[in-house]
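Now for the letters of each chain:
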Amino acid sequence: MKLSFDRALRQEIVDHLVRVVETTPLLSEPFPHFVVQGFFPSDVYRRMLSSLPAPNEYEPFAYEKHHQQNGESNRRRFQMTNVWLERLPAQNREFWFSIRSALGSEELKRAAFGKLAPGLAFRYAVPAATAKSLPGYALPELFHETKGYSIKPHPDTRKKVVTMQIALPHDDKQNAMGTEFYRRTANPLALFREPRGFEIVKRMPFLPNTAYAFSVLNTFTLKSWHGRTEIAGECGQRNSLLNIWYEKPELGNTDLVAEQAALKISPGEVRAA
């Protein structure tokens, strides 16, 4: 299998990602999560912003839920499969293959799962010390969202293990556009405001090169409720990179799964008993 990334750049990024994830504190309310500033190396982040695909290169995503009154999609996606990355200009292609490979690395998976061990141990009923060895198959994708975009409170499907989002703004003016974490509330006033029936516990910072991740919990007693109230027009356009780890390889980026095999790096280990 031909490997299309820069090995030295990939390793530089992986080493940085593991270091910042392992040194960031775990937060427990309203469910286990962490927030990392300076997620990518600073020079890598600057190049990411300067080489993002143009909005017209993205595809409408979940159009039935995410569109404006004029019919335009307000949520668009750029898939990071081989086919899509090969469309990029030659001078950017190897760079984005390297970004994808680092995000799908076993090292980052183990660091993120290890940090979120309390939530994963609760979900899978395994010792926290074994959480980093749970199987996980990454699906990194770029998203572009505009005026009117919103998503109702939801805990994420059980097919997902860990959800991560990396904010890609140029400056701090979009800080208030981050994902919101919720808790159900019996307060009657919550029935008359958005999100109905929930209180906003915290909003993730939408700041340059800032990422958050949480363990997906969708049980009777604990759910990782999150979403986003409507983005106002004056907020501008929101660019981010979602990196979600799934339980099964066919739900992740299958090109990454093949790449990991070619590198002789297992993308997921046998779940602990």
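Residues numbered from 1 in each chain as written. Predicted model: local features only at pLDDT ≥ 70, side-chain atom pairs only at ≥ 80, totals over all residues. Heavy atoms only, no water.

### Section: the confidence of the model for the protein chain
So the rule is basically this: Per-residue confidence from the predictor is reported as pLDDT, which spans 0 to 100. Whether two residues are in contact is decided by their heavy atoms, any of which lying within 4.5 Å being enough.
The share of residues in the protein chain with pLDDT of 70 or more is 87%, and the mean pLDDT across the chain is 89. Confidence drops under pLDDT 50 across residues 63–69; counting only partners more than four residues distant or on other chains, this segment forms 17 contacts.

### Some remarks on the sheet that holds strand β9 (residues 210–215)
Spelled out, the test is: The rule for pairing is simple: two strands pair if DSSP sees at least two bridges between them. The way it works is that DSSP assigns letters per residue, a run of H or I at least four long becomes a helix, a run of E at least two long becomes a strand, and they are numbered from the N terminus. The angle between two axes is taken between their N-to-C directions and runs from 0 to 180 degrees, where each axis is a line fitted to C-alpha atoms and a helix contributes only its stretch in contact.
One open sheet accounts for seven strands, arranged β1-β9-β6-β11-β4-β3-β2; its pairing is antiparallel. For this open sheet the edge positions go to β1 (33–37) and β2 (59–60), each flanked by a neighbour on one side alone. Along the sheet face, helix α4 (residues 90–103) touches β4 (137–145), β6 (160–167) and β11 (238–246) and points at about 45 degrees away from the line of β11. Against the sheet, helix α6 (residues 117–124) engages β6 and β9, with an angle of about 155 degrees to β6.

### Comments concerning the packing of helix α2 (residues 42–50) against α4
This is how the line gets drawn: To sort the angles, those under 35 degrees are grouped as roughly parallel, those over 145 as roughly antiparallel, those from 65 to 115 as roughly perpendicular, and the leftovers as oblique. Left-handed describes a crossing whose near helix is turned anticlockwise from the far helix by less than a right angle; the clockwise case is right-handed.
It is the contact of α2 with α4, at a shortest axis distance of 11 Å, that shows an interaxial angle of 125 degrees. Comparing the axis directions of α2 and α4 gives the class oblique. Considering the relative orientation of α2 and α4, their crossing is left-handed. Here α2 contributes Val44, Arg47 and Met48 to the contact with α4, which in turn contributes Gln91, Asn92, Phe95, Trp96 and Ile99.

### Comments concerning the sheet that holds strand β7 (residues 180–184)
The strand order β5-β10-β7-β8 describes an open sheet built from four strands, whose pairing is antiparallel. Each of the sheet's edge strands pairs with one partner strand only, and the pair in question is β5 (151–154) and β8 (198–203). Taking each pair of neighbouring strands and ignoring which way they run, the sheet shows an average axis angle of 35 degrees. Pairing geometry for β7 and strand β10 (residues 226–228), over two bridges, is antiparallel. Bridge pairing in β10 links Phe181 to His226.

### Quick word on α2
Owing to its 3.6 residues per turn, the α-helix aligns residues three or four sequence positions apart on the same side. To keep it simple, the criterion reads: Whether a residue is buried, partly exposed or exposed follows from its accessible area with a 1.4 Å probe, protein chains only, as a fraction of its type maximum: under 20%, in between, or over 50%, in that order. Arc, as used here, means the arc of the directions from the helix axis to the C-beta atoms.
Taken together, the buried positions of α2 are occupied by Val44, Tyr45, Met48 and Leu49. The buried residues of α2 occupy one face: seen down the axis, they fall within an arc of 135 degrees. The outward face of α2, more than 90 degrees from its buried face, is lined by the exposed residues Arg46 and Ser50. In this structure, the buried residues of α2 make contact with α1 (7–23), α4, β6 and β11.

### Quick look at the environment of Phe5
Within the secondary structure layout, Phe5 lies in the segment before α1. Through-space distance from the C-alpha of Phe5 to that of Ser101 is 7.3 Å; in sequence the pair is 96 residues apart.

### Some words on the packing of aromatic side chains
The condition is simple: Centres within 6.5 Å make a pair out of two Phe, Tyr or Trp rings, where for Trp the six-membered ring is used; the pair is then stacked when the planes are under 30 degrees apart, edge-to-face when over 60, and tilted otherwise. Note on criteria: charge over ring means Lys NZ or Arg CZ within 6 Å of the ring centre, with the direction from the centre no more than 35 degrees off the ring normal.
The tally for this structure, following the rule as stated, stands at 13 aromatic pairs. Ring centres of Phe39 and Phe40 lie 5.1 Å apart, and the angle between their planes is 80 degrees; on these two criteria the pair is classed as edge-to-face. Across the pair, exposure class does not vary: Phe39 and Phe40 are buried alike. Connected via pairs of aromatic rings, a cluster forms that spans Phe31, Phe181, Tyr212 and Phe214. We note Arg10 situated over the ring of Phe5; from NZ or CZ to the ring centre the distance is 5.5 Å. One cation-aromatic arrangement involves Arg75 over Phe143; the distance from NZ or CZ to the ring centre is 4.4 Å.

### Regarding the side chain of Glu180
What counts is decided by this rule: Here a polar contact is taken to be a pair of N or O atoms separated by no more than 3.5 Å, where protein atoms must pair a possible hydrogen donor with a possible acceptor and residues adjacent in sequence count only if both atoms sit in side chains.
Relative to the helices and strands, Glu180 resides in strand β7. A polar contact is formed between the side chain of Glu180 and the side chain of Arg203, at a distance of 3.2 Å. At 2.9 Å, the side chain of Glu180 forms a polar contact with the side chain of Thr229. Those residues within four positions of Glu180 in sequence are excluded, and the remaining contacts are Ile200, Lys202, Arg203, Trp225, His226, Gly227, Arg228 and Thr229.

### What about the environment of Met204?
Among the structural elements, Met204 can be located in the loop between β8 and β9. Judged by relative accessible area, Met204 falls into the buried class, the value being 2%. A C-alpha to C-alpha distance of 8.2 Å links Met204 and Ala176, two positions 28 residues apart in sequence.

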